[in-house]
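Secondary and tertiary structure notes
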Amino acid sequence: MQNDILDLVQQRNPNEPEFIQAAKEVIDSIWPVIEKHKEFQTLKILERILEPERMISFRVTWLDDKGEVQVNRGYRVQMNSAIGPYKGGLRFHPSVTPSVLKFLAFEQIFKNALTGIPMGGGKGGSNFDPKGKSENEIMKFCQAFMSELSRHISHRLDVPAGDIGVGGREIGYMFGAYKKIKNEFTGVFTGKGIGWGGSLIRTEATGYGLIYFAENMLHTKGDSIKGKTCLVSGSGNVAQYAIEKINKMGGKVITASDSNGFIIDEAGITKDKLEFLKDLKNNKRGRIKEYSDKYKSAVYHELDTNADHNPLWNIKADCAFPCATQNEINENDANNLVKNGVKLVGEGANMPVTIEGINVLIDNGVMYSPGKASNAGGVATSGLEMTQNFMGANWTREEVDAKLQAIMKNIHDTCLAAANEYGKPGNYMVGANIAGFLKVANAMKAQGVI
Ligand code: NDP
Ligand code: 2IT
């Protein structure tokens, strides 16, 4: 029966390895729940949750600075609306495919359920590559993308936000285009600028939330981030604010990366260096290599994409926070982390550790948190932004941060309680999948066969 469902997923979604990987992890984790709740079998809840409610694919045509016509593909996966309007980010990256967006939308269902805020699961994006594009080209692309996506979203139906390649700048252009087309000002996006409907702390929320979650994990062992040496990958939104919070909590971060390579700075990416990194990545749109040109304490390593392991994960440290992209830690990397004494791996990215990698970590007693739990602070704060938009309110930094901390603690405790109840104490992956699934499955059951 369990294998029948996985076979079905494989047959229905051929050539979609990322989606199948995410599905397999969830099916395996929640199987004891399916066995206990026969009604979920009769109602085919699992089969339904694995099928997007709606998937939109569209052409995006735009003119580049040379006056040449460019054609990209845009998507929105509206995966599940059992507990609220579809909610999830948009990714602009050449690697975007239906498989990648379906895995992200699928994970988003459970993540959003864990936040305790009523939000369904969705994700979208385009194979558009923002790298090397002018400001004008980014704006033109965002407007062309919205000329179609605007038909399929609204503040009550589907509320997109940022993800890889989509930050404050892109949200601004897309929100502006939506407002122009629809002739209405609503909270149809989150991650908006402060002063036009955005929430304080939303920019910081994913990285901050990740470290709040890790602190909760360490507290269960009477330990804390203070004094810990940490590895971080990525240098975008999630990585930057994870580094900031680790520094604030008394830890030290010695790595950061981009798709070309990584830097090791044994002296730590301290406050001033982090400000340089933020300016480099967010304003100058530069490469991580420039960090080592500026700071002599750092060494740059070019990434070899054909290698069977990533040397970034082969450095002595206490904690590791993958914050770049999916499948960036494989089985070999996980073995290297264990060998180097890493005691905690917290996922900032979505699905950065492969299934084989997760097994190595868990089998070796490494504390491991899945992205759908530990990176949920971003979407949770998006939920807080939606609430403020509906209320017409603007909460202070302190108010939003306090709510974020409470949400991360609640997700942490919920995962542990579910893992305990199903005989897997300390297994945050099983706990997150079960707790998220139960919430959505019960809502689907209540709403009938639709
Ligand atoms: P950004 O675009 O701000 O940064 C992405 C970073 O990851 C960049 O350093 C980028 O390098 C690197 N990267 C992207 N793709 C690859 C790749 N294929 N190989 C190696 N490095 C890569 O994105 P975010 O920080 O927002 O997102 C990072 C991760 O966190 C993603 O998995 C995202 O889904 C997840 N996430 C994001 C949330 C958010 O609120 N933004 C919320 C929850 C999860 P380069 O500059 O070379 O492209
Ligand atoms: O993966 C994610 O949770 C995000 N990219 C954030 C989604 C959101 O709607 O804030």
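Check the entry above for the structure.
Residues numbered from 1 in each chain as written. Chains lettered and ligands numbered in written order. Predicted model: local features only at pLDDT ≥ 70, side-chain atom pairs only at ≥ 80, totals over all residues. Heavy atoms only, no water.

1. Digging into the overall build of the protein
Where we set the bar: Only DSSP runs of H or I covering at least 4 residues are called helices, and only runs of E covering at least 2 are called strands; the numbering of each starts at the N terminus. Two things to know: the radius of gyration comes from C-alpha atoms, and the globule rule equals 2.2 Å times the number of residues to the power 0.38. Working definition: with a 1.4 Å probe on protein chains only, accessible area under 20% of the residue-type maximum means buried, over 50% means exposed, and in between means partly exposed. Contacts were defined at the residue level, with two residues in contact if any of their heavy atoms lie within 4.5 Å.
Scanning the protein from N- to C-terminus turns up 17 helices and 13 strands. Relative to a compact globule of 450 residues, whose C-alpha radius of gyration would be 22 Å, the protein shows 21 Å and is just as compact. Each principal axis of the C-alpha atoms in the protein carries an extent, and together these give about 60 × 60 × 45 Å. Within the span of the protein, comprising 450 residues, buried residues form 58% of the whole. Put simply, of all contacts in the protein between residues at least 6 apart along the chain, 71% involve residues at least 24 apart.

2. Here we look at empty space enclosed by the protein
Selection rule: Both site types are read off a 1 Å grid over the protein atoms alone. A 1.4 Å probe that fits but cannot get out defines a cavity, while an open set with protein on both sides within 12 Å along at least five of seven lines defines a pocket; lining residues have an atom within 4 Å of a point. Grid points are joined across faces, edges and corners, and a volume is the space filled by probe spheres set on the points. As a working rule, the residues Ala, Val, Leu, Ile, Met, Phe, Trp, Tyr, Cys and Pro are called nonpolar, Asp, Glu, Lys and Arg charged, and the rest polar, with Gly in that last group.
If you walk through the whole model with that rule in mind, you get three cavities of 30 Å³ or more. By volume, the largest cavity is sized at about 50 Å³. Around the largest cavity, the lining residues are Leu8, Val9, Arg12, Asn13, Glu47, Leu50 and Glu51. Among the elements that line the lining of the largest cavity, the one with the most residues is helix H1 (residues 2–12), at three residues. In the lining of the largest cavity, the residues fall into three nonpolar, one polar and three charged. Within this model, the second largest cavity holds a volume of roughly 40 Å³. Taken together, Glu25, Glu107, Glu347, Met351, Val353, Ile358, Tyr368, Pro370 and Gly371 make up the lining of the second largest cavity.

3. Topic: the packing of aromatic side chains
To keep it simple, the criterion reads: Pairing of aromatic rings covers Phe, Tyr and Trp, the last through its six-membered ring, and needs centres within 6.5 Å; plane angles under 30 degrees mean stacked, over 60 mean edge-to-face, and all others mean tilted.
This model, assessed by the stated rule, comprises 19 aromatic pairs. Between Phe40 and Phe437 the ring centres are 5.9 Å apart and the planes differ by 90 degrees, which places this aromatic pair in the edge-to-face class. Of this pair, Phe40 sits in helix H3 (residues 38–42) while Phe437 sits in helix H17 (residues 428–446), placing them 397 residues apart in sequence. Since its relative accessible area comes to 1%, Phe40 is described here as buried. For Phe437, a relative accessible area of 0% gives the class buried. Arranged with centres 5.1 Å apart and planes meeting at 50 degrees, the rings of Tyr291 and Tyr295 form a pair that is tilted. When its relative accessible area of 0% is taken as the criterion, Tyr291 is described as buried. Tyr295 sits in the buried class, given a relative accessible area of 17%.

4. Digging into the sheet that holds strand S11 (residues 319–321)
Note the cut-off: Two strands pair under a simple rule: DSSP has to find at least two bridges between them.
Strands sit in the order S7-S6-S11-S12-S13 across an open sheet of five strands; the sheet is parallel. Each edge of the open sheet is held by one strand with a lone partner, namely strand S7 (252–253) and strand S13 (367–369). In terms of strand pairing, strand S12 (residues 344–346) meets S13 through three bridges, oriented parallel. Bridging from a neighbouring strand, Gly346 pairs with Ser369 of S13.

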